[in-house]
Amino acid sequence: MSSPRFRNLAREAAARYPARDIFARRFAFGKLTRDPAFEHILGANLLAEGARVVDLGCGQAVLAALLAASRHPVRFTGIDLMARDIERARHACPEAQFVAGDIRTTGFGPADAVVILDVLHYIDYEAQAEVLRRVRSALAQGGVLLLRVGDESPSLRFRITIAVDRLVMRVRGHRLVRLYCKPLAQWVGELEALGFSVAATPMSAGTPFANVLLVARYHGR
């Protein structure tokens, strides 16, 4: 359960979407208050003020809206495949930059922080590896990657995670043939092989999911 202060911030962030777009407002408030990652990112100050932040698979940019509502200034760029979500993002955060594009091919530009929340399992393993290599190349020395993943296992939590993911994607008009998931240890090992130091924090509090936030820091080439 999010704190009263954070719920107020979430309400302010949701109000940045047009009043006529009831779906966008309700989605933003629900996502921010029910998903523990956003309050954690803000509360732990994982995105420094003034940082160049690139959000891959940003959706309608609820993270950018939250940062704006909290008066936490960053230079924000969001990339997402869905043009409708990018349109919503631009309405909510006109001060940020948004690109309708595929993260597998769209340029990231230089960054101090890259955010990828629940996205990489939609693309195949080879594409995942290439995106992570490109993230490393984009990050400045001392930069951080915030990567949330599902910890693949036979557990009920993981099975629920996948089932809900598939349902949400179907409701939003996406057809998923398969998902490309991995156990947590494999995600960590691949990031460490790229030169990141990695800290893993469970990010499912108050939910039935098997999600973990990886804070991966890159200290130079």
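An account of the accompanying structure is given in this report.

Here is what the cut-offs are and how they apply
- Residues numbered from 1 in each chain as written.
- Predicted model: local features only at pLDDT ≥ 70, side-chain atom pairs only at ≥ 80, totals over all residues.
- Heavy atoms only, no water.
- Helix = DSSP H or I, 4+ residues; strand = E, 2+ residues; numbered from the N terminus.
- Buried < 20%, exposed > 50% of the residue type's maximum accessible area, 1.4 Å probe, protein only.
- Contact = heavy atoms within 4.5 Å.
- Areas by Shrake-Rupley, 256 points an atom, 1.4 Å probe, with all protein chains shown as cover.
- Lys, Arg positive; Asp, Glu negative; His and termini not counted.
- Charge placed at Lys NZ, Arg CZ, Asp CG, Glu CD.
- Salt bridge = Lys/Arg side-chain N within 4 Å of Asp/Glu carboxyl O.
- Pairing = 2+ DSSP bridges.
- Axes fitted to C-alpha atoms, helices over the stretch in contact; angles between N-to-C directions.
- 1 Å grid on protein atoms, 1.4 Å probe; cavity = no way out; pocket = protein on both sides within 12 Å on 5 of 7 lines; lining within 4 Å.
- Points joined across faces, edges and corners; volume = space filled by probe spheres on them.
- Nonpolar A, V, L, I, M, F, W, Y, C, P; charged D, E, K, R; others polar.
- Core = buried A, V, L, I, M, F, W, Y, C linked by side-chain atoms within 4.5 Å.
- Polar contact = N/O pair within 3.5 Å; in protein donor to acceptor, adjacent residues only side chain to side chain.
- Phe/Tyr/Trp six-rings, centres within 6.5 Å; stacked < 30°, edge-to-face > 60°.
- Lys NZ or Arg CZ within 6 Å of the ring centre and 35° of its normal.

1. Digging into the overall build of the protein chain
Alright, step 1. From N to C terminus, the protein chain includes 8 helices and 7 strands.
Alright, step 2. When the backbone C-alpha atoms are referred to their principal axes, the protein chain occupies close to 45 × 40 × 30 Å.
Alright, step 3. Going through the 221 residues of the protein chain one by one, you find that 49% of them count as buried.
Alright, step 4. In the protein chain, 67% of the contacts between residues at least 6 apart in sequence involve partners at least 24 apart.
Alright, step 5. Per element, the accessible surface of the protein chain, about 10,700 Å² overall, is 55% carbon and sulfur.
Alright, step 6. Separation of charge centres in the protein chain, based on 30 positive and 21 negative side chains, amounts to 4 Å.

2. A look at the pattern of salt bridges
Alright, step 1. Scanning all chains against the criterion turns up 11 salt bridges.
Alright, step 2. A salt bridge links Asp35 to Lys31; the nearest nitrogen and oxygen atoms lie 3.1 Å apart.
Alright, step 3. Among the residues examined, Lys31 registers a relative accessible area of 28% and is labelled partly exposed.
Alright, step 4. The salt bridge partner of Arg52 is Asp112, with a shortest N-O separation of 2.9 Å. A residue pair is termed long-range when its members are at least 10 positions apart, and Arg52 in strand β1 (residues 52–56) and Asp112 in strand β4 (residues 111–117) qualify at 60 residues.

3. Remarks on the sheet that holds β1
Alright, step 1. The 7 strands are arranged β3-β2-β1-β4-β5-β7-β6 in an open sheet whose pairing can be described as mixed. A strand with exactly one partner marks an edge of an open sheet, and here the two such strands are β3 (97–100) and β6 (196–202). In this sheet, adjacent strand axes meet at a mean angle of 15° when their direction is disregarded.
Alright, step 2. Examined bridge by bridge, β6 and strand β7 (residues 211–218) share 7 bridges and lie antiparallel to one another. Of the residues in β7, the one forming a bridge with Ser197 is Arg217.

4. Looking at the side chain of Thr106
Alright, step 1. Its place among the elements puts Thr106 in the loop between β3 and β4.
Alright, step 2. If near-sequence neighbours (up to four positions away) are discounted, Thr106 is found in contact with Ile79, Val99, Gly101 and Arg134.

5. Some points on empty space enclosed by the protein
Alright, step 1. For the coordinates displayed, the defined rule picks out 1 cavity of 30 Å³ or more.
Alright, step 2. Computed from the structure, the largest cavity encloses a volume of approximately 30 Å³.
Alright, step 3. In terms of lining residues, the largest cavity is bounded by Ile41, Leu42, Asn45, Leu47, Leu67 and His72.
Alright, step 4. Partitioned by chemical class, the residues of the lining of the largest cavity number 4 nonpolar, 2 polar and no charged.

6. Section: the nonpolar core
Alright, step 1. Counting residues in hydrophobic clusters, the biggest one holds 41 residues, and the most contacted among them are Leu32, Phe38, Leu47, Phe76, Phe98, Leu146 and Leu213.
Alright, step 2. Going through the elements one at a time, α1 (4–14), α2 (22–34), α3 (36–43), α4 (62–69), α5 (83–92), β4, β5 (139–150) and β7 are the ones with two or more residues in this core.
Alright, step 3. Discounting residues that sit within four places of it in the chain, Leu47 has contacts with Ile41, Val53, Leu63, Leu67, His72, Ala113, Val115 and Leu146.

7. Section: the side chain of Asp21
Alright, step 1. Structurally, Asp21 is set in the loop between α1 and α2.
Alright, step 2. In terms of polar contacts, Asp21 uses its side chain to reach the backbone amide nitrogen of Ala24, at 3.1 Å.
Alright, step 3. Not counting residues up to four positions away in its chain, the partners in contact with Asp21 are Arg84 and Arg88.

8. Structural notes on the packing of aromatic side chains
Alright, step 1. Enumeration according to the criterion identifies 4 aromatic pairs in this entry.
Alright, step 2. Between the aromatic rings of Tyr125 and Tyr180, the centroid separation amounts to 5.3 Å while the plane-to-plane angle is 90°, which identifies the pairing as edge-to-face. Of the two residues, Tyr125 is situated in helix α6 (residues 125–138) and Tyr180 in the loop between α7 (156–171) and α8 (184–193); the sequence distance between them amounts to 55 residues.
Alright, step 3. For the pair Phe196 and Tyr218, a centre-to-centre distance of 5.4 Å together with 50° between the ring planes defines the contact as tilted. Of this pair, Phe196 sits in strand β6 while Tyr218 is found in strand β7, placing the two residues 22 residues apart along the sequence. There is no split in this pair, since Phe196 and Tyr218 are both buried.
Alright, step 4. Its end group placed over the ring of Phe108, Arg134 keeps NZ or CZ at 3.9 Å from the ring centre.

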